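# Structural description and commentary
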Amino acid sequence: MPSAIVTGATGILGRAIVHELSAHAQQWPTVHALSRSKTESYPSNVIHNHVDLTSPSKEMAEQLAAVKGEYLFFSAYLQQDSEQANFDVNGDMLEAFLNALDITGASKTLKRIILVTGAKQYGVHLGAAKCPMMESDRWVVGDDRPPNFYYRQQDILRHYCQDREFDWVVTYPNDVIGLAKGNFMNLATSVGLYAAVTKELGSGELPFPGSEIFYTKFDSFTVANLHAKFCAWAALEPRAGNEAFNVVNGDIESWQNLWPRLAQRYGLKVPPDQFERSADMSSEMLLAERPPLDDWADELGLRGKVRQNKVQQRIDLVKWSQKEEVKEGWEKLADREGLEKDAFEKATWEFLAFVLGRDYDIVISMSKARKLGWSGYADTWESLEEALGELEVAKVLPKAK
Ligand SMILES: NC(=O)c1ccc[n+]([C@@H]2O[C@H](COP(=O)([O-])OP(=O)(O)OC[C@H]3O[C@@H](n4cnc5c(N)ncnc54)[C@H](OP(=O)(O)O)[C@@H]3O)[C@@H](O)[C@H]2O)c1
């Protein structure tokens, strides 16, 4: 039976992988969970190791002396202030870790490496991409394109696996719904805090803070638990070797469908005229001059039709979170309900603003994995509701009702 090594074990995606593998102890008798911090206790088949992936390979190798496994799941991530810094730091972490496995000799037992990346693969952070997004789509590169750390990581991985006994798999999740504390991109925590504090402030309404345009456009979400199941499947599926896969829930969702349900969960109403009201806390941010879709314009017959995209917020979430009234509302709520005091401060408002504020569809195809037999599926609303419930149990969010 194989052993697994999981980096980023405390992160939103890595944590779910550790839980998925360790829940199947007969299949995965040993799971090595690696991160700098340790945030929870694990089942007996999980061995946690503290490791700093930014340290030199030699140093890392000393910490990893007892870590061996046939399957490596690399889901560590260290967010930086610029795409160049993301490219440098996250690429270096993967490279140094793989070199450390050569030093310890652990690479000799490897069978497959699963690298977790995301839909920035398609340049969704730069503007509209061709929809649906497919794994065979060309990389978004060129003189006017910022560096993309996923491309560097994939190049490092391919190079490392060349002429070896093991192969690789890469996953592309998007807008992840799951559980992690104090991480870099956390949709469920931020949206739950926005709803809970808005309720505390007493208007009885839950206005959509994002873009009016995006409210009726489409997004593809990834539940962390489903992604973890995918990783376990892809590790063992022979035909998945040396392939990259989109990993989204399989339903296409839209905030026009999710937002009223969220409001209802918190006993609030969506203002019927929300987009007619004045928006005195609005903001707007232009994205890349040329959206990724522009790379396809000629062959799709869209020359001259691809416009620069923006992120629009009717209520700027960073500014909203800094309002005295909002902070006081949170303090009151946290005191009364015995919540984790720093949850609000750690919420990822900029990320939520991006998720709600874009003005273009994100439709991601699952056809490639399905053709190989993957049948996993999750209902996005049910998953969001489940994640909110778990965050309530973890005392990050108050009970909705
Ligand atoms: N979250 C999303 O919505 C989303 C969406 C699409 C794609 N992705 C991609 O998925 C991948 C994983 O991201 P994530 O969101 O799961 O990350 P995350 O929740 O922020 O977790 C990052 C993990 O990396 C670990 N880590 C960070 N720096 C480390 C270091 N120096 N040494 C060792 N471990 C370190 C962290 O643990 P410690 O801090 O304890 O070390 C944590 O376990 C990234 O490529 C990300 O871009 C995420």
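An unreviewed UniProt entry lists the protein under the name NAD dependent epimerase/dehydratase family protein, with Rhizodiscina lignyota as the source organism.

## Examining the overall build of the protein
For the protein, the helix and strand inventory stands at 15 helices and 11 strands. Relative to the compact-globule value of 21 Å for 401 residues, the protein shows a C-alpha radius of gyration of 21 Å, a close match. Principal-axis analysis of the C-alpha atoms gives the protein an extent of 60 × 55 × 40 Å. In the protein, which comprises 401 residues, the proportion classed as buried is 58%. Contacts in the protein between residues far apart in sequence, at least 24 positions, make up 79% of those at least 6 positions apart.

## Brief notes about the nonpolar core
It is characteristic of soluble globular proteins that their nonpolar side chains tend to be buried jointly. Ranked by size, the top nonpolar core spans 84 residues in total, and within it L21, L64, F73, F97 and I113 carry the most contacts. The residue makeup of this core includes at least three contributed by each of domain 1 (3-175 + 222-246) and domain 2 (182-219 + 252-363 + 378-393). I113 has contacts with L72, L98, L157, Y160, C161, F166, D167, W168 and V169, leaving out every residue within four places of it along the chain. With 48 residues, the next largest nonpolar core counts L179, A347, W349 and A400 among its residues.

## Let's talk about the site of the ligand
The environment of the ligand is made up of 30 residues, and the closest members are T10, I12, R36, S37 and Y150. Within the backbone of R36, one N or O atom sits 2.8 Å away from an oxygen atom of the ligand. Within the backbone of V176, a nitrogen or oxygen atom sits 3.1 Å from an oxygen atom of the ligand. Of all elements in the fold, only α1 (12-22) and α4 (149-161) reach the threshold of two or more residues within the shell around the ligand.

## Some details on the packing of aromatic side chains
By the definition in use, this model includes 26 aromatic pairs. Ring geometry for Y77 and F149: centres 5.7 Å apart, planes at 15°, overall stacked. Highlighted residues: Y77 in the loop between β4 (71-74) and α3 (83-104) and F149 in helix α4, separated in sequence by 72 residues. Seen in terms of ring centroids, W320 and W349 are 5.5 Å apart; in terms of plane orientation they differ by 75°. Their pairing is edge-to-face. On the criterion of sequence distance, the pair formed by W320 in helix α10 (residues 317-322) and W349 in helix α13 (residues 349-357) is long-range, its members being 29 residues apart. The same class applies to W320 as to W349, namely buried. Each member of the aromatic cluster is reached from another via a ring pair, and the members are Y194, F208, Y215, F221, W255, W259, F275, W320, W330, F344 and W349. The ring of W296 is capped by R138, whose NZ or CZ atom sits 4.2 Å from the centre of that ring. Sitting over the ring of F87, R152 keeps its end group 5.5 Å from the ring centre.

The rules behind each value
Residues numbered from 1 in each chain as written. Predicted model: local features only at pLDDT ≥ 70, side-chain atom pairs only at ≥ 80, totals over all residues. Heavy atoms only, no water. Helix = DSSP H or I, 4+ residues; strand = E, 2+ residues; numbered from the N terminus. Rg over C-alpha atoms; globule rule 2.2 N^0.38 Å. Buried < 20%, exposed > 50% of the residue type's maximum accessible area, 1.4 Å probe, protein only. Contact = heavy atoms within 4.5 Å. Core = buried A, V, L, I, M, F, W, Y, C linked by side-chain atoms within 4.5 Å. Domains from an automatic or database assignment. Near = heavy atom within 4 Å. Polar contact = N/O pair within 3.5 Å; in protein donor to acceptor, adjacent residues only side chain to side chain. Phe/Tyr/Trp six-rings, centres within 6.5 Å; stacked < 30°, edge-to-face > 60°. Lys NZ or Arg CZ within 6 Å of the ring centre and 35° of its normal.

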